[in-house]
Amino acid sequence: MSILSAVDMDGFLRPQCNIRGQESDAGPNVSSLDPSDWSALRSLGHRMLDDLFDDLAGIREEPVWRPMPDAVRAAWNESLPRTATQIEDVYDLYRTQIVPYGVGNRHPQFLGWVHGGGNAVGMLAEMLAAGLNANCGGRDHAPIVCERQVIRWAAEMLGLPDASSGLVLSGTSMANFVAVLVARSAALGAGVRRTGVGQGQLTGYASAGAHMCVARAFDMAGLGAEALRLIPCDANNMISLPDLRDRIAADRSAGLRPFLVVGTAGSVDTGAIDDLSQIAETCANEQIWFHVDAAFGAIAMLSPKLRGLFTGMERADSVAFDFHKWAQVPYDAGCIVVRDSVAHRAAFAREVSYLRRETRGLAAGEPWPVDLGPELSRGFRALKVWMTLKTYGADRIGEVTERSCELARGLAAAIEAEPLLELCAPVPLNVVCFRYRSGDDAMQTAIAADMQENGAAVLSTTIIRGRTVLRAAFVNHRTNQDDVDAVVGAVISTGLARTIQSAVCAEPCGNLP
Ligand SMILES: Cc1ncc(COP(=O)(O)O)c(C=O)c1O
């Protein structure tokens, strides 16, 4: 049997979408995954693109989220497919088993956690990046030059020097981790990379409202999560500066070595922004690395109206933030920017023969991204950031953040005017925490789950001062006032339905002996 007919038997040569090896004068290249005739795959690709646009254009007609039925879930349990399946059939599975059961964050009534809505240009860029298939760990090529451009834009947005270094990463969790590693080697010297950190010497500081990924970064950096001191917050959910200073002093007197303060610029629970100027001052006095977790807040610096809230960011040694949240770049796209590029490089660069840098050819162009972070192989995430910012313009993205904050303030006002609802935290930015007033903690959780399951809207929950609250984060550029009104209506009707249901249930239960 010829190799070609063996391939035939495996189903590669079926007529619909002819995905078989390319033929050349030297005969068929059976190992190539490219089709010999592109026309069927091309037209399927065009259909996929049409479907993507149609999905986005019709997103409002869809429920925000749907639970995955058991039968669909059960279908996700097959063994490794050894033989080929028609791409049309695979695409049908994608349309029926994946698309309807996504997160829902493209939808304007998705207000859960802090999720960006994505954008059509970024979506196309993601496709282009996959087509180019660049490995952005290093070497001298345009995708890396493009990434450096994005980092310079980021530094400009943050008010950091043009010569700052940085990377586009998977998200702020990874960016915070990189920052902790850079601060660690700046404090202990790059030798720490060989010898390890030893026992409990370095201590860092963040507010009790800091995202859990900061403590996890301490853990992953070998410092131990307890080396991160969580400092109490004041009534506005901002880090208490007197407590911060006292704790630094206490740790110094105990012979420990304070090395890092993490300011939060937009806390995950309430959107609170720490007093970054005061933290910068403390860090300067104490000679401590000043890092800012600005996961979503940073993008609001593109708005002249909001920028003032972040004064002090320009004094940071490093800033972590996401493009995939408020900048609407499709997942995933986070970013780290470090003021001192030498310190940044000292935390990661390593000379090895198989990654030797040259002064010319493809192996030129250092520093390489692998010198600035933990990844070697990495995709061209920067393209979707570059295309989004270039196409819409940074001012337009800044306007999106302003609009989100207006909607958040409007929701807060509506809650205060509505006796059935209770506002539970100040709203400095885009996050609103509230409760269905007559319900207990379990009722708040149930309201969020009911609304998710019936597709009305996605809110998440958190705990503020010991009480479970509903939490609406305005991040999606598609959300408008009608959506806010619909969400308020849905919370009230769900709360009333739950109240009636529990009254009905309580009746017979109460009569039981
Ligand atoms: C303040 C803050 N820091 C860090 C993160 C983690 O970011 P990512 O999910 O991009 O890793 C988030 C996520 O919402 C956040 O709000």
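Our subject is the structure that appears above.
Just so we're clear, the structure is a prediction, and the values are computed from it rather than from any experiment.

**Let's talk about the packing of helix 5 (residues 120-132) against helix 13 (residues 382-392)**
Interaxial distance between helix 5 and helix 13 falls to 8 Å at its minimum, and their mutual angle equals 145°. The interaxial crossing formed by helix 5 with helix 13 has right-handed handedness. The residues of helix 13 that touch helix 5, namely those facing Ala120, Val121, Gly122, Ala125, Glu126, Leu128 and Ala129, are Leu383, Lys384, Met387, Thr388, Thr391 and Tyr392. Class assignment of the residues belonging to the contact of helix 5 with helix 13 gives a composition of eight nonpolar, three polar and two charged.

**Observations concerning unusual backbone geometry**
Cis peptide bonds are those with omega within 30 degrees of zero, and the linkage from Tyr331 to Asp332 qualifies with -5°. Mapped onto the elements of the fold, Asp332 is located in the loop between strand 8 (318-322) and strand 9 (334-338). Note that the residue after Glu366, namely Pro367, is joined by a cis bond; omega there is 5°. Its place among the elements puts Pro367 in the loop between helix 12 (341-346) and helix 13. In the Ramachandran plot, Asn133 falls in the positive-phi region, its phi being about 55° despite a non-glycine side chain. The backbone of Asn237 sits at a positive phi, close to 65°, despite the residue not being glycine.

**Looking at the packing of aromatic side chains**
The final tally for this structure, using the stated rule, is five aromatic pairs. Taking the centre distance of 5.9 Å and the plane angle of 55° together, the rings of Phe218 and Phe259 count as tilted. A residue pair is termed long-range when its members are at least 10 positions apart, and Phe218 in helix 9 (residues 212-220) and Phe259 in strand 6 (residues 257-264) qualify at 41 residues. Assigned by exposure class, Phe218 and Phe259 land together as buried. Between the aromatic rings of Phe321 and Phe323, the centroid separation amounts to 4.9 Å while the plane-to-plane angle is 75°, which identifies the pairing as edge-to-face. A single burial state applies to Phe321 and to Phe323, both of which are buried. Over the face of the ring belonging to Trp368 we find Arg139, whose NZ or CZ atom lies 5.4 Å from the ring centre. Here the guanidinium or amino end of Arg357 rests over the ring plane of Trp368, the centre of that ring lying 4.0 Å away.

What counts as what
Residues numbered from 1 in each chain as written. Predicted model: local features only at pLDDT ≥ 70, side-chain atom pairs only at ≥ 80, totals over all residues. Heavy atoms only, no water. Axes fitted to C-alpha atoms, helices over the stretch in contact; angles between N-to-C directions. Helix = DSSP H or I, 4+ residues; strand = E, 2+ residues; numbered from the N terminus. Left-handed = near helix turned anticlockwise from the far one by under 90°. Contact = heavy atoms within 4.5 Å. Nonpolar A, V, L, I, M, F, W, Y, C, P; charged D, E, K, R; others polar. Phe/Tyr/Trp six-rings, centres within 6.5 Å; stacked < 30°, edge-to-face > 60°. Buried < 20%, exposed > 50% of the residue type's maximum accessible area, 1.4 Å probe, protein only. Lys NZ or Arg CZ within 6 Å of the ring centre and 35° of its normal.

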